[in-house]
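# Coordinate inspection notes
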Amino acid sequence: MGGMSASPGRRVLLAAPRGYCAGVDRAVIAVEKALEQYGAPIYVRHEIVHNKYVVQTLEKKGAIFVEQTAEVPEGSIVMFSAHGVAPVVHEEAAAGKLATIDATCPLVTKVHKEAVRFAGEDFDILLIGHEGHEEVIGTSGEAPDHITLVDGPEDVAKVEVRDPSKVVWLSQTTLSVDETMETVDALKEKFPQLISPPSDDICYATQNRQLAVKQMGAEADLVIVVGSRNSSNSKRLVEVAKLAGARDAYLVDFADEIDEAWLDGVTTVGVTSGASVPEILVEQVLERLSQRGFEDVEIVKAAEESITFSLPKELRRDLRAEAAALVERRTGTGPSAE
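The structure displayed is predicted, hence computed values, not measured ones. (Residues numbered from 1 in each chain as written. Predicted model: local features only at pLDDT ≥ 70, side-chain atom pairs only at ≥ 80, totals over all residues. Heavy atoms only, no water.)

Assigned secondary structure in the protein consists of ten helices and twelve strands. Against the globule reference of 20 Å for 338 residues, the protein gives a C-alpha radius of gyration of 22 Å, in line with a compact fold. Along the first, second and third principal axes, the C-alpha atoms of the protein reach 80 × 55 × 30 Å. Relative to its full complement of 338 residues, the protein shows a buried share of 51%. Intrachain contacts of the protein at a sequence separation of at least 6 include 77% that bridge at least 24 residues. Surface exposure of the protein reaches about 15200 Å², of which carbon and sulfur atoms provide 52%. Across the protein, the 34 positively charged side chains and the 55 negatively charged ones have centroids separated by 3 Å. (Helix = DSSP H or I, 4+ residues; strand = E, 2+ residues; numbered from the N terminus. Rg over C-alpha atoms; globule rule 2.2 N^0.38 Å. Buried < 20%, exposed > 50% of the residue type's maximum accessible area, 1.4 Å probe, protein only. Contact = heavy atoms within 4.5 Å. Areas by Shrake-Rupley, 256 points an atom, 1.4 Å probe, with all protein chains shown as cover. Lys, Arg positive; Asp, Glu negative; His and termini not counted. Charge placed at Lys NZ, Arg CZ, Asp CG, Glu CD.)

Quick look at the structure:
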């Protein structure tokens, strides 16, 4: 508890849980392990997780991030990001003679399986999510003919289905809980027989981080969310903070992005971080705030988290040998053989 130097009444509320979720932790460790086991380069299709610092750190260790599978030289190892990929991407990897490591979060895989199952039963699937987000592209790709994207409550009016008695909603795992339920309510009004997924698709980590921010935002003048611009769950935390009553809320990648003017007249600052953010970045923000007299830190605890996921099974095999074998196997593959 900072002594005489702390300005009276200036305090930081630090959200718990914050930062890494189990799916991100698993994906980041998977890249590090792959580099250790197989040596650089390991290609990663899309950012492994949506965080600038994580991507830069892994690049320094020898990961190469690409947008398209076609950019990966044949006989290489490619990893799919935590956000998941459409089935066509697995096909592209096979065609490109690549050994693959799938670091898709198990909670995203669960939504993919729901999409496949409901499409198999010929349901129309209304996927709630943000257009263009990698997770949405991946899930939609499981059943493109059955899936319609619903990007928020204002999208509901234009949704059309073949048979209103065979409709189900699914969602991206990293949305705002409240806005998603608003969208679901609007959909239920339009389609009273709408079925809900067997278990809520929004993941435990998204829900817990939003819960903590709600509690914090009610008391904070300013909320600083550490996270990257392309991180859906981080951007949602900013929205949730504002709705919870915070006067201002901002997203920053790094402590030096904090604008001094934000702190004018502020006595309580809330701090949290998105699910792809390493704790060191939060520590730097706390350090920066303490230099401005915000030395008193209180934890706002909304939930306990103990969930972990085991690493992708491909890390137990010799993938370099498998990749080499894929390239060798050219002979006798019919018309596609060179």
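The next subject is the sheet that holds strand β6 (residues 124–128). Spatially, β7-β6-β8 is the arrangement adopted by the three strands of the open sheet, whose pairing is parallel. The open sheet terminates on both sides in strands that have one partner only, identified here as β7 (147–150) and β8 (167–171). Here the average twist between neighbouring strands, direction ignored, is 30°. Examined bridge by bridge, β6 and β7 share four bridges and lie parallel to one another. (Pairing = 2+ DSSP bridges. Axes fitted to C-alpha atoms, helices over the stretch in contact; angles between N-to-C directions.)

Here we come to empty space enclosed by the protein. Going through the model one piece at a time under the given rule, you end up with two cavities of 30 Å³ or more. Residue lining of the largest cavity: 23 residues in total, with C21, V24, H83, T174 and N233 positioned closest to the centre. Looking at the lining of the largest cavity, the elements with two or more residues in it are α1 (22–38), α4 (106–120), α7 (204–217) and α8 (232–243). Per-class residue counts for the lining of the largest cavity are twelve nonpolar, ten polar and one charged. The computed volume of the second largest cavity comes to approximately 60 Å³. Around the second largest cavity, the lining residues are I128, G129, H130, D151, G152, L175, S176, E179, T180 and T183. Top element by residues in the lining of the second largest cavity is helix α6 (residues 177–190). It accounts for three residues. Residue classes in the lining of the second largest cavity are distributed as two nonpolar, six polar and two charged. (1 Å grid on protein atoms, 1.4 Å probe; cavity = no way out; pocket = protein on both sides within 12 Å on 5 of 7 lines; lining within 4 Å. Points joined across faces, edges and corners; volume = space filled by probe spheres on them. Nonpolar A, V, L, I, M, F, W, Y, C, P; charged D, E, K, R; others polar.)

The relative placement of two aromatic rings is captured by the distance of their centres and the angle of their planes. Per the stated rule, a full pass over the model turns up three aromatic pairs. On the numbers, 6.5 Å between centres and 70° between planes, the contact of Y53 with F254 is edge-to-face. Here the residue Y53 occupies a position in helix α2 (residues 52–61), and F254 occupies one in the loop between β10 (248–252) and β11 (268–273), the gap between them amounting to 201 residues. Ring plane angle 0° and centroid distance 3.8 Å describe the contact between Y250 and W262, whose orientation is recorded as stacked. Residue Y250 is located in strand β10, and its partner W262 is located in the loop between β10 and β11; the two are separated by twelve residues in the primary sequence. Using a relative accessible area of 26% as the deciding quantity, one classes Y250 as partly exposed. Between R117 and the ring centre of F118, over which it is positioned, the NZ or CZ distance is 4.6 Å. (Phe/Tyr/Trp six-rings, centres within 6.5 Å; stacked < 30°, edge-to-face > 60°. Lys NZ or Arg CZ within 6 Å of the ring centre and 35° of its normal.)

With that out of the way, let us pick up the pattern of salt bridges. Counted by the stated rule, this structure contains 19 salt bridges. Linking R11 and E298 is a salt bridge whose minimum nitrogen-to-oxygen distance equals 3.3 Å. On the criterion of sequence distance, the pair formed by R11 in strand β1 (residues 11–16) and E298 in strand β12 (residues 296–301) is long-range, its members being 287 residues apart. Its relative accessible area of 35% is what places E298 among the partly exposed residues. The closest approach of N and O atoms between E304 and K301, which form a salt bridge, is 2.8 Å. (Salt bridge = Lys/Arg side-chain N within 4 Å of Asp/Glu carboxyl O.)

Sheet strands line up and pair through hydrogen bonds in the backbone, either parallel or antiparallel. One open sheet accounts for five strands, arranged β10-β9-β11-β1-β12; its pairing is parallel. Here the strands that pair on one side only, and so sit at the sheet edges, are β10 and β12. Adjacent strand axes in the sheet meet at a mean angle of 25°, parallel and antiparallel pairs treated alike. Here strand β9 (residues 222–226) pairs with β11 via five bridges, running parallel. What sits directly across from I224, in β11, is V271. Strands β1, β9 and β11 of the sheet are contacted by helix α9 (residues 279–291), whose axis makes an angle of about 165° with β11.

Okay, α6 next. With 14 residues, α6 extends 20 Å from end C-alpha to end C-alpha; this agrees with the ideal 20 Å at 1.5 Å per step. Among the residues making up α6, those that are buried are T180, T183, V184 and L187. Taken end-on, α6 shows its buried residues confined to a sector of 100°, consistent with a single buried face. Looking at the buried positions of α6, the neighbouring elements they touch are β6, β7 and β8. (Expected span 1.5 Å × (residues − 1). Arc of directions from axis to C-beta.)

The next point concerns the pairing of β8. Note on strand geometry: in a regular strand, side chains alternate between the two faces of the sheet. For β8, the tally of buried residues reaches five of five residues, placing the bulk of the element in the interior. As judged from the five bridges shared by β6 and β8, these two strands associate in the parallel manner. By the bridge assignment, D124 is partnered in β8 with V167.

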